[in-house]
Amino acid sequence: MSQVAAKPKPMKIGFSYNWYFSKDAVDPSTSKLGSIKWQQINIPHTWNNLDVMDDTKGYFRGVGWYKKTFKLEESYKGNHIYIDFEGANQVTELFVNGKSVGVHTGGYTRFNFRVDQFLNFEIGAENLILVKVDNSHNDNVPPLSGDFTFFGGIYRDVNLLVKDPVHFSLAYGASGVFISTPTVSESQASIKIKGSLENSSAANKKIKISSVIKSPNGNIVSIKTSLITIGKGKNKAFVQDVESLVKPELWSPENPNLYAIITTIADNSGKIIDKVSNSIGFRWYRFDAENGFFLNGKPYKLIGASRHQDYAGIGNALTDDYHINDVMYLKNMGANFLRVAHYPQDENVLATCDRLGILTSVEIPIVNAITESTEFTSNALNMQLEMIKQNYNHPSIVIWAYMNEVFLRPKFVGQKERQKEYFNNIKKLAQSIELLTRNEDPSRYTMIPNYGYYDIHKEYGLIEIPMIVGWNLYQGWYSGKKEDFGRFLDKCHLDFPYKPIMVTEYGADADPRIRSLTPKKFDKSVDFSLNFHQYYLEQMNKRSFVSAALIWNLADFSSEQREETMPHINNKGLLTLDRKPKDLYYYYQSQLLKSPFLKISNWANRTGISNPTEQVSTQSISVFSNADEVELFVNQVSVGKKTQVKGGKFTWDVDFLQGNNTLVAKAFFNGMALQDKEEVNFTIIDFKRNNTSFNQLNVLLGAKRFYKDPKTGQNWIPSQIYVDGSWGHIGGDFFSLVDTTRQSYGTDRDIKSTDNDPIYQTQQVGIKEFKLDVTDGEYELSLHFAELLSGETKEALAYNLNDTNRKDNLVNREFDVVVNNDEFLKGFNIRNKYGALTPGVEKLSIMVHNNEGITIRFLPRQGTPVLSALQLRRIR
């Protein structure tokens, strides 16, 4: 229990510590809560930080309870006291001393409840708060579905607000003061300060509203005062105009100058009884349908990313530093735009964008679909209103958005007329939100981010309704070819030459553990994603009518229903879920930074096959830089200079030696030398019969990708067709999914009971032999198996465009495995022993004599033999 001491009004008291949490059923009308199992926690908190990552399908979506007790001093009596929630997902009911205070619907905006009527102010009296939070699916509460996890809990800070009965209104979770800059130029600017006052006292009040405006260096540049009389029990609006501020210091990405405006209420004695502080930036901007975005009269290509608000092991219950650091990553990349998607986020996100000069859009979480109900519409409109009012004063915001990919999973499939009615109701809701947004804030643009089914958005007006059309495009990833991307943009511009266009999403999954020298679509390699980003950025840069290129996503994020190589994670991030940069991040730094940049690829732990004629292994290495020319040195020897041909990425074929290789990249920027150093530890697999230095081989079958186990550090390399004097498989084909054209090899199913899914998600089907021409000695052989055909139906997921429910064909598979003519596995049935989609390992110790090597034969009894992976370790 905590004691809240008296302090001068107004005040905001942190209220996030010493809470208790339970999933047990709670009766808030009784104080007998001792039988409940409570866990002591601090806020922010979510109950889904762990269960979203387990092998059990789904995660807890239901009711959680929070409890806190505290005492108040008698001096608080007579004040208005509010409990302020910065975010709780998604329906929240507050109980104070056993009585229900109110309910808030929506998981991503701030809200508050006035509680002083329910509190006990007697000396030593305890007050009990209970908070019921419910993240269950609710057809009347957006979002209905999405490619992200709907974490439950009070996941942002809680505050106690103490206010005089006369104060700025806290309606819609806002501050009650709204600031705009109606005219801005290099020579002068004007300011309009609007607000709403509340007088809950029993008397009329004469008050003074003062707004003090301070320049970026802290000097007072203007003071505006207003004398107001407000009736008892009344609300009243006020307006203050600052007509001319001479030569304002403008706000921009390069110089994000912020002015401070402190607006106060003073009573007739001159005592300050409420205060609101805001930062504002003077800027003017426009979106041009032909030439893109202009800020303060200068053209800008808006390049940046979207962001989800979760982190590895923590879920979405992030403290302030995590939010601030994410925006710092974006700024350090050289980006100038953040799409706050798919919902409003912590207040520190936009405050940091204001401070660093990053332009933003913010949106409400209508995703994939709507419900045709009055309640859904009311909740959607209220979310939009809360979002606008709470974030109105941020100079970084230039766009209000809504309805992300709302046609993606249409309802009433097969019911033509009913579906048409549904689509028209989506249009009506869009028109309602658009009208509300333009009325609330005519100074900013509106935008709907659509997905790539062009015709339906055109037919039902979702291109026409907003001021800007956004497109989430993945040609060459989820569907189609990458060349379709530019053609799509050109068609939209041709059909709607007056409509500004933004690419609001693009990207390809990049599992940081997977690399490839021959990348293929959906192999999940960093290398395919890198090529994909390079192509897309080139296409957008050469089209001036594309205002923005917004990467999906800044960082990997939780999406519980995903399976694939890293289950429950969307790997499209430039950073990993725990915020480690991938090569994609370095590529964008080479493209966007104006300061000198040079970075060697972070693929620093490698394995490869020995070249035929010498004991080196040749693999490509990339360097990212904005220099015109880069020279690479390997073990102090230059391997040549490369000049800028295809923006930012320089690539060499390098002969790596066994063990440590020192790489140094050098470049010059206006005569200034810059270098980057990387130590690459390389393991060469050499099976020449006179070579006894071989230690271990880890091979992936049915794959063209490399995989690194982050826990053991083991590198797995793709198999090869057997070559005499070396190693490899004989016979068979890559496993591939029958009902998809998207993935060239392997399955996208979650392999249970392992984090090393990529080891088991590919396999050689119909393999006849695997031979290893090792020298004599003792070895441990490990054969890795998984039955990838489960006979289960895999539900189509919303993010997989053109995907449908898919059922694997159940097969009966039984085979023998013979090693060097000795029976190892007889009548082996993977499913019977391990179950479907579950890893299995069979190990054998082998003595190799007389240069016989190791020959593994796979003999079918029923169906076809398969092998997912193989390990060979030399014992002595």
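Before any of the text, the structure's been laid out above.
Starting afresh in each chain, residues are numbered from 1 along the sequence in its written order. Only residues with pLDDT of 70 or above have their local features reported here, since the model is predicted, and side-chain atom pairs are shown and tallied only from 80 upward, although totals for entire chains, interfaces and linings are computed over all residues. Processing note: side-chain calculations cover all non-hydrogen atoms of the structure and skip hydrogens and water entirely.

**Comments concerning the overall build of the protein**
This is how the line gets drawn: The helix count covers DSSP runs of H or I at least four residues long, the strand count covers runs of E at least two residues long, and both are numbered beginning at the N terminus. Only C-alpha atoms enter the radius of gyration; for comparison, a globular chain is expected to reach 2.2 Å times N to the power 0.38, where N is the number of residues. Any two residues having at least one pair of non-hydrogen atoms within 4.5 Å are treated as being in contact. For the accessible areas, the method is Shrake-Rupley and the probe is 1.4 Å, while residue cover comes only from the protein chains on display. By the counting rule applied here, Lys and Arg register as positive and Asp and Glu as negative, while His and the ends of each chain are not counted. Where a charge sits is defined by one atom per residue type, namely NZ (Lys), CZ (Arg), CG (Asp) or CD (Glu).
The helix and strand inventory of the protein stands at 10 helices and 57 strands. Over its C-alpha atoms the protein spans a radius of gyration of 31 Å, differing by no more than 12% from the 29 Å that the globule rule assigns to 876 residues. A sequence separation of at least 24 residues applies to 71% of the contacts in the protein between residues at least 6 apart. If you sum the accessible surface of the protein, you get close to 34,200 Å²; carbon and sulfur atoms cover 47% of it. Looking at the protein, you have 100 positive and 98 negative side-chain charges, and the mean spots of the two groups are 4 Å apart.

**Focus: the sheet that holds strand β36 (residues 617–625)**
For the record, the criterion: Two strands form a pair only when DSSP identifies at least two bridges running between them. Every axis corresponds to a line fitted to the C-alpha atoms, with the helix fit spanning only the stretch in contact, and the corresponding angles, defined between N-to-C directions, vary from 0 to 180 degrees.
Read from one edge of the open sheet, 3 strands run β34-β36-β39, paired in antiparallel fashion. The open sheet has two free edges, formed respectively by β34 (598–600) and β39 (649–656), since each of these has just one partner strand. When strand polarity is set aside, the average angle formed by the axes of neighbouring strands in this sheet is 25°. On top of the sheet, helix α8 (residues 583–592) reaches β34 and β36; it is set at about 45° to β36, its chief contact.

**Some details on the packing of aromatic side chains**
Threshold: Aromatic rings from Phe, Tyr and Trp, taking only the six-membered ring of Trp, are treated as a pair when their centres fall within 6.5 Å; an angle between ring planes under 30 degrees marks them as stacked, one over 60 as edge-to-face, and anything in between as tilted. The criterion is that NZ of a Lys, or CZ of an Arg, lies within 6 Å of the ring centre and within 35 degrees of the ring normal, and then a charge sits over that ring.
Scanning the model with the defined rule gives 53 aromatic pairs in all. Note on W47 and F60: the rings are 6.0 Å apart at their centroids and 70° apart in plane angle, and the pair reads as edge-to-face. Separated by 13 residues along the polypeptide, W47 in the loop between β4 (39–41) and β5 (63–72) and F60 in the loop between β4 and β5 bring together distant segments of the chain. Sitting over the ring of F15, K68 keeps its end group 4.8 Å from the ring centre. Over the aromatic face of Y535 sits the side chain of K482, whose NZ or CZ is 4.8 Å from the ring centroid.

**Describing the environment of S361**
Using the following cut-off: A simple rule labels every residue: compare its accessible area, found with a 1.4 Å probe on the protein chains alone, to the largest value its type can have, and call it buried under 20%, exposed over 50%, or partly exposed in between.
As for its placement among the helices and strands, S361 is situated in strand β25 (residues 359–363). By relative accessible area, S361 is classed as buried at 0%. Distance in space between the C-alpha atoms of S361 and I397 is 5.6 Å, their sequence separation being 36 residues. Excluding its chain neighbours within four sequence positions, the residues that come into contact with S361 are F337, L338, R339, V340, I399 and M447.

**Structural notes on the environment of G58**
Mapped onto the secondary structure, G58 falls in the loop between β4 and β5. Looking at G58, the relative accessible area reads 27%, which means it is partly exposed. In this structure, G58 is in contact with D51 and E560, ignoring residues within four places of it in sequence.

**Thoughts on the pattern of salt bridges**
Heads up, the condition is: By definition here, a salt bridge exists when the distance from a side-chain nitrogen of Lys or Arg to a carboxyl oxygen of Asp or Glu is within 4 Å.
Summed over the entire model, instances satisfying the criterion amount to 40 salt bridges. Measuring nitrogen to oxygen at the nearest pair gives 2.8 Å for the salt bridge that ties R114 to D116. In this structure D116 comes out as buried when scored by relative accessible area, which is 11%. D241 is the salt-bridge partner of K192, the closest N and O atoms lying 2.7 Å from each other. Here the residue K192 occupies a position in strand β14 (residues 188–199), and D241 occupies one in strand β17 (residues 234–246), the gap between them amounting to 49 residues. Residue classification places K192 among the partly exposed residues on the basis of a relative accessible area of 26%. Residue classification places D241 among the partly exposed positions, given a relative accessible area of 26%.

**Let's talk about the pairing of strand β11 (residues 158–163)**
Counted residue by residue, β11 has 6 buried out of 6 residues, so it is predominantly covered. Of the two faces of β11, both are covered, the one formed by V158, L160 and V162 as well as the one formed by N159, L161 and K163. Strand direction decides the pairing type here: strand β2 (residues 11–14) and β11, joined by 4 bridges, are antiparallel. In the strand pairing of β11, G14 is matched with N159.

**Some words on the packing of helix α1 (residues 320–333) against helix α2 (residues 347–356)**
Each pair of packed helices gets described by two things: the angle between the helix axes and the distance between those axes. As a reminder of what qualifies: Take the far helix as your reference; a near helix turned counterclockwise from it by less than a right angle gives a left-handed crossing, and one turned clockwise gives a right-handed crossing. Amino acids are sorted into nonpolar (Ala, Val, Leu, Ile, Met, Phe, Trp, Tyr, Cys and Pro), charged (Asp, Glu, Lys and Arg) and polar (every other residue, Gly among them).
Running from N to C, α1 and α2 cross one another at 35°; their axes reach a closest spacing of 9 Å. Our pair here, α1 against α2, has a crossing hand that is right-handed. Between α1 and α2, the residues in contact are D320, H323, I324, V327, M328 and K331 and N348, V349, T352, C353, R355 and L356, respectively. Here the residues of the contact of α1 with α2 are counted per class, giving 6 nonpolar, 3 polar and 3 charged.

**Considering unusual backbone geometry**
The linkage connecting I43 with the following residue, P44, adopts the cis geometry, with an omega of 10°. Relative to the elements of secondary structure, P44 occurs in the loop between β4 and β5. Going from W552 to N553, the amide bond is cis rather than trans, its omega being 25°. Here N553 lies in the loop between β31 (546–551) and β32 (557–558). Of note, the phi angle at R579 is positive, near 65°, even though the residue is not glycine. Here R579 is to be found in the loop between β33 (569–570) and α8.

**Observations concerning α2**
Counted residue by residue, α2 has 7 buried out of 10 residues, so it is predominantly covered. For α2, the complete set of buried residues consists of N348, V349, L350, T352, C353, D354 and L356. In this structure, the buried side of α2 is in contact with β23 (302–307), α1, β24 (337–340), β25, α3 (374–391) and β26 (397–401).

**A short note on the nonpolar core**
Spelled out, the test is: Grouping buried Ala, Val, Leu, Ile, Met, Phe, Trp, Tyr and Cys residues that are joined through side-chain atoms within 4.5 Å yields what is termed a nonpolar core.
Grouped together as the largest cluster of nonpolar side chains are 106 residues, with contacts concentrated most on I366 and M403. Among the elements that make up this core, the one with the highest residue count is helix α7 (residues 526–541) (8 residues). Sequence-distant contacts of M403, defined by excluding residues within four places in its chain, comprise I364, I366, I370, I426, L429, A430, I448, P449 and L462. In terms of nonpolar packing, the next biggest core, distinct from the first, is built from 34 residues, L781, L825, F828 and L867 among them.

**Examining the side chain of S790**
Along the chain, the position of S790 falls in the loop between β49 (777–785) and β50 (793–794). Its relative accessible area of 11% is what places S790 among the buried residues. Contacts of S790, omitting those with residues within four sequence positions, involve R749, D808, L810, A836 and L837.

**Brief notes about the packing of α1 against α8**
Filter applied, for reference: Any angle that is under 35 degrees is reported as roughly parallel, and any over 145 degrees as roughly antiparallel; angles of 65 to 115 degrees are reported as roughly perpendicular and all others as oblique.
Running from N to C, α1 and α8 cross one another at 50°; their axes reach a closest spacing of 8 Å. By the angle between their axes, α1 is oblique relative to α8. Across the interface between the two elements, Y329, N332 and M333 from α1 touch Y585, Y588, Q589 and L592 from α8.

**Let's talk about the sheet that holds β31**
One closed barrel accounts for 8 strands, arranged β23-β24-β25-β26-β27-β28-β29-β31; its pairing is parallel. This sheet shows a mean twist of 25° between the axes of neighbouring strands, independent of strand direction. Here β26 runs beside strand β27 (residues 445–451); their pairing, made up of 3 bridges, is parallel. The residue of β27 that forms the bridge with I399 is Y445. Lying on the sheet, α2 is in contact with β23, β24, β25 and β26; it crosses β24 at an angle near 165°. Across the sheet, helix α6 (residues 483–495) touches β28 (468–472), β29 (501–505) and β31, and the angle it forms with β29 is around 140°.

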